[in-house]
Each structure stands twice: as structure tokens, then as C-alpha cells.
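Coordinate analysis (summary)
Given next are the chains, with one letter for each unit.
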Amino acid sequence: MEHKEDKRRNKGGRPKKGATDKMTYRVAVKMAAADYFRLLTRAYEAGVSPSGYMRECFQNGHVKERLSKEHSDHVRKLCGMANNLNQLARKANAGGFYDTHWDCKVAVARIHELINKIGI
């Protein structure tokens, strides 16, 4: 009886991948030197491995590059500003908008400035 309970018990760890998720097939591709170095360059610019780059091209027809450090910093700042804006909204709802309207205007101006830097 105890032996059956041991099989059903969760042992932890990552669940096993299904048969469709496993990468079991390997495809060899011959390339000229110029094509190979172009692949390496494009994969480096996108921030992925060459095999990941080719896999992404096959699935989507294009590869989205990762966010640059500058853009990720802008997004992080934008998230912080959104948090500040939520705090101001809570303060305005509790004590009235008149007390916080200048703070809200400053926060909105900073958000617009950051969005213009990002280029959205």
C-alpha cells in the first residue's frame, strides 16, 4: 500500500516536457563563409544563439531583438512612475484632487518625456 503512495507523491522539480516540446531532431545546414558570418552577426545583434535565431526565423519569419539596456532602463523607470501615479491617485481619492493636482501634472509630464525618449 505504501509503495503505491510513493509513486503518486510529487517529488518536485521541473515537470517533464511533452513529446512535442522536446527538441529531438537535428538539421545540418551547409553555408558559405559569408552566410555563416552573417548568421552569427544577426544572432549576436538579436541577442540569441545562432540556432535560436534560425528557429525563430522558421517559426515567425522574423526575429525580434531583445530590449537594449537603455530601453529596459526606460521601461523600469516607467514602471516606477506608474507606481507613483497610482499612489497619487489613491491620495487624491482619499483627500481630494486639489491637494495633489500639481504632483499629478509633474508625474504626467515626466511620463510623456520618458515615452518620447523611448520613441513610442
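Please read these numbers as outputs of a predicted model, since none were measured by experiment.

Let us look at a nonpolar patch on the surface. Taken together, Val 27, Val 29, Met 31, Tyr 36, Phe 37 and Met 54 make up a surface patch of nonpolar side chains, about 600 Å² in accessible area. By the element assignment, Tyr 36 lies in helix α2 (residues 33-46).

To continue, consider the pattern of salt bridges. Taken as a whole, this structure holds 2 salt bridges when the rule is applied. Notably, a salt bridge pairs Arg 38 with Asp 35, separated by 2.9 Å at the nearest N-O pair. Of the two residues, Arg 38 and Asp 35 both sit in helix α2, 3 residues apart, roughly one turn of that helix. A residue is classified by how much of its surface remains accessible, and Arg 38, at 41% relative accessible area, is partly exposed. Given the relative accessible area of 36%, Asp 35 is considered partly exposed. Between Asp 73 and Arg 76 there is a salt bridge whose closest N-O contact spans 2.8 Å. Of this pair, Asp 73 and Arg 76 both sit in helix α4 (residues 69-95), separated by 3 residues, roughly a single helical turn. The class of Asp 73 is partly exposed, set by a relative accessible area of 36%. Judged by relative accessible area, which is 55%, Arg 76 ranks as exposed.

Definitions and limits used
Every residue gets a number counted from 1 within its own chain, in the order that chain's sequence is written. In keeping with the predicted nature of the model, local features appear solely for residues at pLDDT of at least 70, side-chain atom pairs appear and are counted solely at 80 or more, and the whole-chain, interface and lining totals rest on all residues. Values reported for side chains reflect all heavy atoms of the structure, with hydrogen atoms and water molecules removed beforehand. Only residues above 30% relative accessible area that lack a salt bridge enter a patch, with like-charged residues linked at up to 9 Å and the nonpolar side chains Val, Leu, Ile, Met, Phe, Trp and Tyr linked at up to 5 Å. Here the accessible surface of atoms and residues is derived via Shrake-Rupley with a 1.4 Å probe, and residues count as covered only by protein chains that are part of the display. Any carboxyl oxygen of Asp or Glu within 4 Å of a side-chain nitrogen of Lys or Arg constitutes a salt bridge here. Helical segments are the DSSP runs of H or I of at least four residues, strand segments are the runs of E of at least two, and each set is numbered from the N terminus. We call a residue buried when its accessible area falls under 20% of the maximum for its residue type, exposed when it is over 50%, and partly exposed in between, using a 1.4 Å probe and counting protein chains only.

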